[in-house]
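Report on the structure
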Amino acid sequence: MIWYVDFSRGYIGKLDLATGAVKEWRRRGGPKSEPYGMVFTKGAICTTKSGAKPNTIVRFDPGTEKFQSWAIPAGRHLRNMDVTPDGNPVMATA
């Protein structure tokens, strides 16, 4: 599987390389959510919601197809994400 975010449309999606099938999920806020950074960790996709004020971290569970979000009060534009050695997502502002 290849997971991706579509910044301009506000979607998280996956491409199944074996079948060519594409499945997408619209994020709350749609195009205004501006998803950007993304990591896969602990069985979920974590992305930034850079179009929100305050910026937000969004977690998507592919098994349940449910979203969770947490506001990040500091920083201007959340962009890049990575994963710590113990599997926790971290992010950087631009």
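The rules we used
- Residues numbered from 1 in each chain as written.
- Predicted model: local features only at pLDDT ≥ 70, side-chain atom pairs only at ≥ 80, totals over all residues.
- Heavy atoms only, no water.
- Pairing = 2+ DSSP bridges.
- Helix = DSSP H or I, 4+ residues; strand = E, 2+ residues; numbered from the N terminus.
- Salt bridge = Lys/Arg side-chain N within 4 Å of Asp/Glu carboxyl O.

Our next topic: the pairing of strand S8 (residues 78-83). Alignment of S8 against strand S9 (residues 89-93), held across five bridges, turns out to be antiparallel. Across the sheet, residue Asn80 finds its bridge partner in S9, namely Ala92. Here S8 folds back onto S9, and the loop between the two strands holds five residues, one of which, Gly87, carries a positive phi near 90 degrees.

A separate point is the pattern of salt bridges. Under the definition given, this model contains three salt bridges. When the shortest N-O distance is used, the salt bridge between Glu24 and Arg9 registers 2.6 Å. Here Arg9 lies in the loop between strand S1 (2-6) and strand S2 (11-15) and Glu24 lies in strand S3 (residues 22-26), a separation of 15 residues in the sequence. For Glu65, the salt bridge identified is with Lys23, shortest N-O distance 2.7 Å. Of this pair, Glu65 sits in the loop between strand S6 (55-61) and strand S7 (66-72) while Lys23 sits in strand S3, placing them 42 residues apart in sequence. Linked by salt bridges that have partners in common, Asp6, Arg9 and Glu24 make up one network.

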